[in-house]
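One-letter residues, chain by chain:
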Amino acid sequence: MSIAHNIHTVTQTLAGTGCRLIAVTKTKPLEMLLEAYGAGCKLFGENRVQEMVEKYEQLPKDIEWHLIGHLQTNKVKYMAPFVTLVHSVDSLKLLQEIDRQAARHGRVIECLLQIYIAREESKFGLSFDEARELLAAPETAALANVRIVGLMGMATFTDDREQIRAEFRSLKAFFESLQQSPLPANAEMRELSMGMSGDYDLAVAEGSTLIRVGSSIFGSRQ
Ligand SMILES: *Cc1c(COP(=O)(O)O)cnc(C)c1O
């Protein structure tokens, strides 16, 4: 099936929900990104900074670039001029570096806190308690060039759909509890990034506002 057809299939499930699609373009060539762009998709997600920078430079400038993968502090400077949303903030140190680089470009960079919800050892992210601590820290409130706008999470890689649903539901519940909590002036709970090719239907049903879909649109990766 064509990329346009696949995008249509995914976006159909989003009708009336307010949830938006991020096409995850990592490892895929520019021609495929242009095909998605031609089909109306303007939000792209990459998990490596260098690859995102190279693609940004060669593609139309009305594309929103989302950094969804684990981020090292020494890479922040390369994407600070243009990145739209960083989904993978998992430490104060990283947030401070994003703030510093955003300031150099006169920008405020929006970020999500990546929350660990999976029953797996390998995934990055903060626990609920660590996220609350980060949001309560005076060092966080002092940052003028970042804005925390929500949370991101990845479910366990499993066929057990009920487990995946339960993980998404727990993240949504935490998101809502933060919406009811006092937050620093540079934070709000507006975006909930959850759902990938195998589980975006569940994520949308559980209240996702941003799904990150790669292989269902572009085919599997090596
Ligand atoms: C690769 C990736 C995705 C997309 O995965 P698919 O299963 O291909 O849809 C989503 N989120 C993150 C963080 C990723 O690294």
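Calculation criteria
- Residue positions are given per chain, counting from 1 as you read along its sequence in written order.
- Only residues with pLDDT of at least 70 get local features here, since the model is predicted, and only at 80 or more are side-chain atom pairs given and counted; chain-wide, interface and lining totals rely on the full set of residues.
- Heavy atoms throughout the structure, all of them, feed into the side-chain values; hydrogens and water do not.
- Runs of E in the DSSP output that reach at least two residues are strands. Runs of H or I that reach at least four are helices, and both are numbered from the N terminus.
- This radius of gyration counts C-alpha atoms alone. The globule rule is 2.2 Å times how many residues there are, raised to the power 0.38.
- When accessible area is computed with a 1.4 Å probe and restricted to protein chains, residues below 20% of their type maximum are described as buried, those above 50% as exposed, and intermediate ones as partly exposed.
- Note on areas: Shrake-Rupley with a 1.4 Å probe; residue coverage comes only from the protein chains shown.
- Charged-residue counts in this description rest on Lys and Arg as positive and Asp and Glu as negative, His and the chain ends being excluded.
- Taken as the charge centre is NZ of Lys, CZ of Arg, CG of Asp or CD of Glu, depending on the residue.
- It suffices for a single heavy atom of a residue to lie within 4 Å of a molecule or strand for the residue to be listed as near it.
- What qualifies as a polar contact is a pair of N or O atoms within 3.5 Å, subject to a donor-acceptor requirement within protein and to the restriction that residues adjacent in sequence count only when both atoms come from side chains.

Asks: For this particular structure, what's the right way to read the overall build of the chain?
Replies: Counting secondary structure elements, the chain contains ten helices and eight strands. In terms of overall size, the chain behaves like a compact globule, its C-alpha atoms giving a radius of gyration of 17 Å where 222 residues would be expected to give roughly 17 Å. For the chain, the spread of C-alpha atoms along the principal axes amounts to about 50 × 40 × 35 Å. Counting only residues that meet the buried cut, the chain has 50% of its 222 residues in that class. When the accessible surface of the chain is summed, it comes to about 10300 Å², and 50% of that surface belongs to carbon and sulfur atoms. Computing the positive centroid from 24 side-chain charges and the negative centroid from 28, the chain places the two 3 Å apart.

Asks: Just to check I follow, could you spell out the site of the ligand for this structure?
Replies: Inspection of the region around the ligand gives Val-24, Lys-26, Ile-68, Met-154, Met-196, Ser-197, Arg-212, Val-213, Gly-214, Ser-215 and Arg-221 as its neighbouring residues. One of the side-chain N or O atoms of Arg-212 is found 2.9 Å from a nitrogen atom in the ligand. Here an oxygen atom of the ligand and a backbone polar atom of Gly-214 are 2.8 Å apart. Relative to its unbound accessible surface of 390 Å², the ligand loses 90% to contact with the protein.

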